Amino acid sequence: MVKTLFEQESMTCLDLEKATGLKPGDITGMTIYPGGAVEVETKDTITSEKQTAIRQALESKGLAKNKKPVDIIKK
């Protein structure tokens, strides 16, 4: 049996800040979901231009696709 690994580079908050021109610390957290959706937390509200830059940076990594999974919890 032959195994072949296909990966992408890691994506950190710092990488995303550098790629979009944000200052270090502007992005406080990022969650990448299995389907490729990405949730980015920022310290402050960011402009639509910066949001577009973030989306483009994520798309260049093959991310920002599909939707965030919805967790249904029944009690």
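The structure under discussion appears in the preceding block.
Here goes a summary of the coordinates provided. (Residues numbered from 1 in each chain as written. Predicted model: local features only at pLDDT ≥ 70, side-chain atom pairs only at ≥ 80, totals over all residues. Heavy atoms only, no water.)

## Overview of helix H2 (residues 48–60)
Here is step 1 of the chain: With 13 residues, H2 should reach 18 Å at 1.5 Å per residue; the first-to-last C-alpha distance of 18 Å fits that figure.
Here is step 2 of the chain: Among the residues making up H2, those that are buried are Ile54, Ala57 and Leu58. Seen end-on, H2 carries its buried residues on one side only, within an arc spanning 95 degrees. Projecting away from the buried face of H2 at angles above 90 degrees are the exposed residues Glu49, Gln56 and Ser60.
Here is step 3 of the chain: Buried positions along H2 lie against helix H1 (13–20) and strand S2 (38–42).
Here is step 4 of the chain: Among the residues trailing H2, Gly62 stands out with phi positive, at a value near 80 degrees. (Helix = DSSP H or I, 4+ residues; strand = E, 2+ residues; numbered from the N terminus. Expected span 1.5 Å × (residues − 1). Buried < 20%, exposed > 50% of the residue type's maximum accessible area, 1.4 Å probe, protein only. Arc of directions from axis to C-beta. Contact = heavy atoms within 4.5 Å.)

## Focus: H1
Here is step 1 of the chain: Of all the positions in H1, only Leu16, Glu17 and Thr20 are classed as buried. Down the axis, H1 shows its buried residues gathered within 100 degrees of arc, on one side only. The exposed residues of H1 that point more than 90 degrees off its buried face are Lys18 and Ala19.
Here is step 2 of the chain: Where H1 is buried, its residues contact strand S1 (27–32), S2 and H2.
Here is step 3 of the chain: In the stretch just after H1, Gly21 is the one whose phi turns positive, near 80 degrees.

## Here we look at the nonpolar core
Here is step 1 of the chain: Counting ten residues, the largest nonpolar core consists of Met11, Leu16, Leu22, Ile27, Met30, Ile46, Ile54, Ala57, Leu58 and Leu63.
Here is step 2 of the chain: No other element matches H2, which puts three residues into this core.
Here is step 3 of the chain: Once you skip the residues sitting within four places of it in the chain, Ala57 turns out to touch Met11, Leu16, Ala19 and Thr20. (Core = buried A, V, L, I, M, F, W, Y, C linked by side-chain atoms within 4.5 Å.)

## Points about the side chain of Glu17
Here is step 1 of the chain: Assignment of secondary structure puts Glu17 in helix H1.
Here is step 2 of the chain: No salt bridge is formed by the buried Glu17; its nearest oppositely charged neighbour, Lys43, is found at 7.8 Å.
Here is step 3 of the chain: Of note is the side chain of Glu17, whose polar atom sits 3.0 Å from the backbone nitrogen of Gly25.
Here is step 4 of the chain: Here the side chain of Glu17 touches Asp26 through a polar contact of 3.1 Å, landing on its backbone nitrogen.
Here is step 5 of the chain: Apart from the residues lying within four places of it in its own chain, the contact partners of Glu17 are Leu22, Lys23, Pro24, Gly25, Asp26 and Ile27. (Lys, Arg positive; Asp, Glu negative; His and termini not counted. Salt bridge = Lys/Arg side-chain N within 4 Å of Asp/Glu carboxyl O. Polar contact = N/O pair within 3.5 Å; in protein donor to acceptor, adjacent residues only side chain to side chain.)

## Describing the pairing of S2
Here is step 1 of the chain: Pairing of S1 with S2 involves five bridges; the strand directions are antiparallel. Note that in S2 the partner of Ile27 across the bridge is Thr42.
Here is step 2 of the chain: Remark: five residues form the turn of the hairpin made by S1 and S2, two consecutive strands paired antiparallel; Gly36 in that turn has positive phi of roughly 110 degrees. (Pairing = 2+ DSSP bridges.)

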